[in-house]
Amino acid sequence: MAQTETTKETKAQRVERLKREKNPWSALDEIRGFARTGFDSIPPEWLGTYFRWWGVYTQGDGAGVVGGKGGEGKALPCFMLRIRIPNGILNSSQLRTIADLTERHARGIADLTVRQNIQLHWVTIEALPEILEALWQCGLNSMGACGDVTRNVTGCPVAGVDADEVCDASPLALAATQMLAGNPDFYNLPRKFKISITGCRVWCAYPEINDVGLTAITRTVDGKSETGFSLRVAGGLSAEPHLAARLNAFVRWNQVEPVIKGVAELFRESSELREHRERARLKFLFLKHGWTADDFQKELEQRIGFRLEPAAPEAAPADVYRDHIGIHTQKQPGYCYVGASVLRGRITAEQMRNAADLADRFASGELRTTNMQNLLVVNVPQLQAESLAKELDAIGLRVGGSPFRRGAVACSGTEFCKLAITETKSFSRWLVDELEERLPGFEQHLKLHVTGCPNSCGQHWIADIGIEGKKLKVGDRMLDAYYFCLGGAVGLHQSIARPVGYRCLASEVPNAIERLLRRYSLDRFSGENLRQFFARHGDSELRAFLAGEIIEAVPRDLSPGRVPHGIEG
């Protein structure tokens, strides 16, 4: 009698089946039930899949990926929770609520993320319903902050107050959020879907690395000026970076929502993207399935039912620093905004509470989070700005600071992430301290991004200096190490950072960066910035600058085990 073999589900098949079986957004009562019965009562499909739709992940045990198997580390019986903050817009009452929740349920610390979210850790299942309720009561939530859904819609953090903006596009970011977040028609996408909408001229929300990137632009037709948007699609980083393709389209203000919905539907119905979890992002239509910008636009226009007008000429920003740190004049006469650096995005409950109080005392109680993990206070009377800056400095949120402090970005690392290879947060603080001490006169703006694995949650591919976590064996121990990628850029000179073949122990990273930046300071041409300096040197030269000697290149992807994919950051 013939034996029938049972074919084991792939990871992608399992996740797709689970999504077909349940919309997690409709199952809040199950979460409340788990809170009553405890962590051990939670089934695997919730721990590994469904919780993500509520912005919730199981938290790693501190060892990262090398402490587990199959490309994922071990989890603790507690959670990470990501709070979705559309366009980074907060008020003091909301920040105070987050501070209170952080103090009571997250051991007093939180992280600002590169998508303008705030992330808590150490959250127990027993506390989860209370946290969700408190967020709803203050006008926030965590729905869609993780999972195969539309993630937090990002925008310029100084929308509406930027003295040089083309327009205030934040209403569109909020409308897109309302249209997609929690909408059962869009709970089951192939993977995460990221949107950026900005009216600023410096593109600080990074349209180049989003699935949908809309940037404001003005055209003149028959003598009349009209503001609309350029449209980019299919950007993304992770282990296979792809900068978004610009379509030949001028998107009118009233077309933004149908265009976004059309792209989301096109993504939702791309069955080829559901076959492999590692290749389920929109960018893989371009990377693996042969699509072009023209192909995409034809499909999009057929879906939305109208033709998009041809693109207008745009002026992409050239080497503009986008951190918003410092005191800046607003468009409103007599007012300014004050941007404070939150080193590596780590912020305490006390700092959040103090920042909320300061926003009330010195301004209108309005704050913003940024894509570079910083915090801003807006609508500050100019006469109060210096006083506010001093108060922010006093609580450890620096309004000034070195280029290293301002430019540092770090992912969660092994402290909390099951997919990370290296620890990043404490390392980044130490690295900044070292560089400030070694190079006190260095003034060139730079983006110094630290990511704990190849998935690029720290966005090392678009950094001047991006370092990617690895492990090196020293004796009988596996130690944290970093691989260098140099010369990433966005805007007019957009480019993925070049892997230059240099890897060193984490303890040696300050030495390597010091050597590189000292060589830059000695050899740069007049007015030459880091991007330009890196561009005119080959990989072997840059490797020698880092190492202090001529050395052979090492492969980027050597690691102690299978390189993990699929981070949901």
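For clarity, every value in this text was computed on a predicted model and none was experimentally measured. (Residues numbered from 1 in each chain as written. Predicted model: local features only at pLDDT ≥ 70, side-chain atom pairs only at ≥ 80, totals over all residues. Heavy atoms only, no water.)

Q: How should I be thinking about the packing of aromatic side chains in this particular structure?
A: Applying the stated criterion across every chain, the model contains 20 aromatic pairs. A ring pair is formed by Phe39 and Phe79, whose centres lie 5.8 Å apart and whose planes are at 45°; its orientation type is tilted. Of the two residues, Phe39 sits in the loop between α2 (28–37) and α3 (44–48) while Phe79 sits in strand β2 (residues 75–83), which places them 40 residues apart along the sequence. Under the relative-accessibility criterion, Phe79 is labelled buried at 1%. Between Phe533 and Phe545, the ring centres sit 6.1 Å apart and the planes meet at 25°, which makes this aromatic pair stacked. Note that Phe533 is positioned in helix α15 (residues 530–535) and Phe545 in helix α16 (residues 539–547), a separation of 12 residues in sequence. Overall, the relative accessible area of 10% leaves Phe545 in the buried class. Put simply, the rings of Phe34, Phe39, Trp46, Tyr50, Phe51 and Phe79 touch in pairs and so form one group of aromatic residues. One Lys or Arg, Arg219, reaches over the ring of Phe250 and ends 3.8 Å from the middle of that ring. A cation sits over an aromatic face here: Arg536 above Phe525, 3.7 Å from the ring centre. (Phe/Tyr/Trp six-rings, centres within 6.5 Å; stacked < 30°, edge-to-face > 60°. Helix = DSSP H or I, 4+ residues; strand = E, 2+ residues; numbered from the N terminus. Buried < 20%, exposed > 50% of the residue type's maximum accessible area, 1.4 Å probe, protein only. Lys NZ or Arg CZ within 6 Å of the ring centre and 35° of its normal.)

Q: How should helix α4 (residues 92–105) be read in this particular structure?
A: Because an α-helix packs 3.6 residues into every turn, residues spaced three or four apart end up facing the same way. Compared with an ideal rise of 1.5 Å per residue, which puts 14 residues at 20 Å, α4 spans 20 Å between its outermost C-alpha atoms and is within 8% of the ideal. Among the residues of α4, those classed as buried are Ser92, Gln94, Leu95, Thr97, Ile98, Ala99, Leu101, Thr102 and His105. Looking at where α4 begins, the residue whose side-chain oxygen comes 3.1 Å from the main-chain nitrogen of Ser93 is Asn91. Phi for Arg107, located one or two positions after α4, is positive at around 55°. (Expected span 1.5 Å × (residues − 1). Polar contact = N/O pair within 3.5 Å; in protein donor to acceptor, adjacent residues only side chain to side chain.)

Q: What is the right way to read the confidence of the model for the protein from this model?
A: In regions of low pLDDT, the predicted coordinates are not meant to be interpreted in detail. Per-chain confidence: the protein averages 95 in pLDDT, with 97% of residues scoring 70 or above. Confidence drops under pLDDT 50 across residues 558–569; counting only partners more than four residues distant or on other chains, this segment forms 40 contacts. (pLDDT = per-residue confidence, 0-100. Contact = heavy atoms within 4.5 Å.)

Q: Looking at this structure, how should I read the environment of Phe442?
A: Structurally, the position occupied by Phe442 is in the loop between α13 (425–438) and β16 (448–451). We classify Phe442 as buried; its relative accessible area is 9%. Along the sequence, Phe442 and Tyr50 sit 392 residues apart, while their C-alpha atoms lie 47 Å from each other. Once residues within four sequence positions are removed from consideration, Phe442 is found in contact with Pro403, Phe404, Leu517, Tyr520, Ser521 and Leu530.

Q: I keep staring at the environment of Ile465 and nothing clicks. Help me out?
A: Mapped onto the secondary structure, Ile465 falls in strand β17 (residues 465–474). Residue Ile465 is classed as buried on the basis of its relative accessible area of 0%. Taking the C-alpha atoms as reference points, Ile465 and Cys485, 20 residues apart in sequence, are found 6.2 Å from one another. Setting aside chain neighbours within four positions, we find Ile465 in contact with Leu446, Lys447, Leu448, His449, Phe484, Cys485, Leu486, Ile513, Leu516, Leu517 and Phe534.

Q: Any chance you could explain the pairing of β17 here in plain terms?
A: Consecutive side chains of a regular strand alternate in pointing toward one face of the sheet and then the other. The buried fraction of β17 amounts to 7 of the 10 residues, a majority that puts the element mostly inside the structure. Direction of pairing for β16 relative to β17: parallel, over a ladder of 4 bridges. The residue of β17 that forms the bridge with Leu448 is Ile465. Both β17 and strand β18 (residues 477–486) contribute to a ladder of 10 bridges, which runs antiparallel. (Pairing = 2+ DSSP bridges.)

Q: Is there a simple way to think about the sheet that holds strand β8 (residues 224–233) in this case?
A: Pairing between the strands of a sheet is mediated by backbone hydrogen bonds and can be parallel or antiparallel. Spatially, 4 strands are ordered β6-β7-β8-β9 in an open sheet, and the strand pairing comes out mixed. The two strands at the open ends of the sheet, each matched to only one other strand, are β6 (195–198) and β9 (245–252). Between one strand axis and the next, the sheet turns by 30° as a mean value, whatever way the strands run. Of the pairings in the sheet, the one linking β8 to β9 comprises 5 bridges and is antiparallel in character. Note on β9: the bridge partner recorded for Gly228 is Arg252. (Axes fitted to C-alpha atoms, helices over the stretch in contact; angles between N-to-C directions.)

Q: Can you walk me through the sheet that holds strand β12 (residues 346–348) in this structure?
A: Spatial strand order, β1-β2-β5-β4-β12: 5 strands in an open sheet with antiparallel pairing. One side of each edge strand has no neighbouring strand; the edge strands of this open sheet are β1 (56–60) and β12. Geometrically, the sheet is characterised by an average inter-axis angle of 35° between neighbouring strands, direction not taken into account. The sheet contact formed by strand β4 (residues 109–112) and strand β5 (residues 118–123) spans 3 bridges and is antiparallel. In the sheet register, Leu112 faces β5, and the bridge partner there is Ile118. Set on the sheet, helix α5 (residues 128–137) makes contact with β1, β2 and β5; between it and β2 the angle comes to about 5°. Against the sheet, helix α10 (residues 349–362) touches β4 and β12, its axis set at about 75° to β12.

Q: Where do I start with the nonpolar core in this structure?
A: Soluble globular proteins: nonpolar side chains tend toward being buried together. Membership of the largest hydrophobic core comes to 64 residues, with the highest contact counts inside it found for Phe51 and Trp54. Counting residues per element, this core draws most heavily on α10, which supplies 6 residues. With near-sequence residues (within four places) excluded, Trp54 lies in contact with Pro24, Trp25, Leu28, Ile31, Trp46, Leu132, Trp136, Ser142 and Met143. In this structure, Ala169, Ala234, Ala245 and Phe267 belong to the second largest nonpolar core, which totals 41 residues. (Core = buried A, V, L, I, M, F, W, Y, C linked by side-chain atoms within 4.5 Å.)

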